[in-house]
Structures are given as structure tokens and as C-alpha cells.
Amino acid sequence: MLGMVVCSFALREDSQEPNPCNIRLAEAVERILEKATEEIHIVSQWEVAKKLKSDGVNPTLVVEPFLDGSYLDTKDVWAEAKVMFALLDITEVIIVANPFIHGFYVERMIKEDGFEVCHKYDTEIGRIGFDPESLQWWTRGPTRFLLYVGLSALGLAKYFRG
């Protein structure tokens, strides 16, 4: 049995989600499920889950936005996923995230918490890209995202999300 954590990328208004990046992430999940021979429990961030559900794929857990409207970080998604995976005795996780740095960041978190990362389906992710219409300035292009990564490394990104 495997776990899968699906982290959204970029954000538009609720009515415009899923955005193109999150649609491509959902399509990657669907490609993986078509090839998988083992049972997979999916934890998906809500934006991607919206597309998955409309396509008939029901994640085991959907990580919803915070009721107070505060920022739902990838760390928050993983925090919920790891609790569920531990309850199900899942030790190996498939990552579905934008492979441009975001996937590396997610993988590092997962390994730090003692989980193994399954790379069997990495080629199914494909190019996720960026969303020039995103509400999040750092997900509109690769240069902006690299700047955000630098700010994150310095612990300053939280001051530039507004």
C-alpha cells in the first residue's frame, strides 16, 4: 500500500480553481492511478481535489483551506498527510507536485519525517509550469519562484505573501 501527497501549485479565486497548473497535477494523478498495481491512498490539496473529484477520483483525504483564510502552506498539507499515512501504516509516498523545485522541497520534508519516497511514477508528473494569472506572485513564473525560494530559505517568505 502506498500513499500519495498532491500539492497544488498557484492559486486563483475559488470560482477559477482548478487553475491550469492544478489541472495538470490532477491529470498526473490520474496517469499514475492508471499504471498503478497497488492500492494508493491519496491526500490532495483542495484545488487539485476539485478536478480529481469532477473526474471521478475521490481522494482519501482532501486538505481544505483554513477557515480563517490564512495561508495553506505545503507544510500544512504534509502535516495532515503524514498523520493519515501513519494511521494507515503507510511508509512509502508518491509525490505529485510541480517538479520545478517544489517537488524537491516536498521530498525533503517527507524524508525528514522518516517516510520513503516512491520514484516509480516520477515520469508521469510531466511539466506543470506556472500560472501568470495566479494570485500568488511567486507562482507566476520561474524567476519569481526562485526569488521566493531564496526568501523561504532566509525565513522571510511569510512577509512577502500578501
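This write-up is about the structure you can find in this document. (Residues numbered from 1 in each chain as written. Predicted model: local features only at pLDDT ≥ 70, side-chain atom pairs only at ≥ 80, totals over all residues. Heavy atoms only, no water.)

Of all hydrophobic cores here, the largest spans 30 residues; its most connected members are Met-4, Ile-32, Ile-40, Ile-94 and Val-96. At the level of secondary structure, the elements contributing two or more residues to this core comprise strand 1 (2-6), helix 1 (20-35), strand 2 (40-45), helix 2 (46-54), strand 4 (92-96) and helix 5 (142-153). For this core, the element with the highest residue contribution is helix 1, accounting for six residues. Sequence-distant contacts of Ile-32, that is, excluding residues within four places in its chain, are made with Met-4, Ile-40, Ile-94, Val-96, Tyr-121, Glu-124 and Ile-125. Ranked by size, the runner-up nonpolar core spans 22 residues in total, among them Val-5, Val-93, Ala-97 and Val-106. (Core = buried A, V, L, I, M, F, W, Y, C linked by side-chain atoms within 4.5 Å. Buried < 20%, exposed > 50% of the residue type's maximum accessible area, 1.4 Å probe, protein only. Helix = DSSP H or I, 4+ residues; strand = E, 2+ residues; numbered from the N terminus. Contact = heavy atoms within 4.5 Å.)

Okay, the state of the cysteines next. Counted according to the given criterion, the structure contains zero disulfides. Left without a disulfide partner, Cys-21 is nearest to the cysteine sulfur of Cys-7, which lies 14 Å away. Looking at Cys-21, the relative accessible area reads 0%, which means it is buried. (Disulfide = S-S within 2.5 Å.)

Our next topic: the sheet that holds strand 1. As summarised here, the arrangement of the five strands in space is 3-2-1-4-5, forming an open sheet in which the pairing is parallel. Whereas interior strands pair on both sides, the edge strands pair on one side only; in this sheet they are strand 3 (61-63) and strand 5 (116-118). The mean angle between the axes of side-by-side strands here comes to 30°, regardless of whether they run parallel or antiparallel. Inspection of the sheet shows strand 1 paired to strand 2 by five bridges, in the parallel sense. The residue of strand 2 that forms the bridge with Val-5 is Val-43. Across the sheet, helix 1 lies against strand 1, strand 2 and strand 4, angled at about 140° from strand 4, the strand it touches most. Lying on the sheet, helix 4 (residues 102-112) is in contact with strand 1, strand 4 and strand 5; it crosses strand 4 at an angle near 160°. (Pairing = 2+ DSSP bridges. Axes fitted to C-alpha atoms, helices over the stretch in contact; angles between N-to-C directions.)

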